[in-house]
Amino acid sequence: RQGLLRHRPGNAFYLFSAGEQLEILGSMDENSTMLDQAIQAYQAALFADASVAVFDDVTRYKAWEMILVLLQKLGDVGQGEHWFRRAQASGYPWTIPSQLPYPRMFHPHFAAKPFWDCADAEHLQYLCRRLEANIRTIRAELRRALARI
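Below: a short report on this structure. (Residues numbered from 1 in each chain as written. Predicted model: local features only at pLDDT ≥ 70, side-chain atom pairs only at ≥ 80, totals over all residues. Heavy atoms only, no water.)

As for the pattern of salt bridges
Thought 1: On inspection of all chains with the given rule, the structure shows three salt bridges.
Thought 2: The closest approach of N and O atoms between Asp-57 and Arg-60, which form a salt bridge, is 3.3 Å. You can see Asp-57 and its partner Arg-60 sitting in helix α4 (residues 57-74), three residues apart, about one turn around the helix.
Thought 3: Residues Glu-65 and Lys-62 are paired through a salt bridge, measuring 3.1 Å at the closest nitrogen-oxygen approach. With Glu-65 and Lys-62 both in helix α4 and three residues apart, the pair spans about one turn of that helix.
Thought 4: On the basis of relative accessible area, Glu-65 is assigned to the buried category, the value being 17%.
Thought 5: The class for Lys-62 is partly exposed, based on a relative accessible area of 32%.
Thought 6: A cluster of three or more residues bridged by salt bridges with shared partners is formed by Asp-49, Asp-57 and Arg-60. (Salt bridge = Lys/Arg side-chain N within 4 Å of Asp/Glu carboxyl O. Helix = DSSP H or I, 4+ residues; strand = E, 2+ residues; numbered from the N terminus. Buried < 20%, exposed > 50% of the residue type's maximum accessible area, 1.4 Å probe, protein only.)

The following block contains the structure:
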């Protein structure tokens, strides 16, 4: 797996994708080595992007976010603080690590409520349509999961 990070060292998208896959696999097994490799992949993706600027703001933010989330999950407070300061220095208006700094993802005027109506926001309409279109699959998966309990 470590060789994957050296396979395309300057390809920001490849490294970002490797980070996503390593994070998924590492989270499924609670594998700290894989989670650490995911962090390395996201860090390498940001360094590669710094040279070529191919990421959009959302992808760049997601890389920063995943580094911080994974470091927090691994309990590495020192590195988490280091990368948090780097993210702030890069221009993201973070004041605390749990805050979402990206304006298209952080909406300070949204009300906190336990349930939202699908018509409340455009992104919710999309999500509701996707969920409704897949209700049979969701129910079947839920039933299988509940049967194991």
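Considerations on the packing of aromatic side chains
Geometry of an aromatic ring pair is reported as the spacing of the ring centres plus the angle between the planes.
Thought 1: Counted by the stated rule, this structure contains five aromatic pairs.
Thought 2: Ring geometry for Phe-16 versus Tyr-42: centroids 5.4 Å apart, planes at 75 degrees, classification edge-to-face. Taken together, the residues Phe-16 in helix α2 (residues 12-29) and Tyr-42 in helix α3 (residues 32-52) connect sequence positions 26 residues apart.
Thought 3: For Phe-16, a relative accessible area of 9% puts it in the buried group.
Thought 4: For Tyr-42, a relative accessible area of 2% gives the class buried. (Phe/Tyr/Trp six-rings, centres within 6.5 Å; stacked < 30°, edge-to-face > 60°.)

Keep in mind that these numbers describe shape and distance, not what the molecule does.
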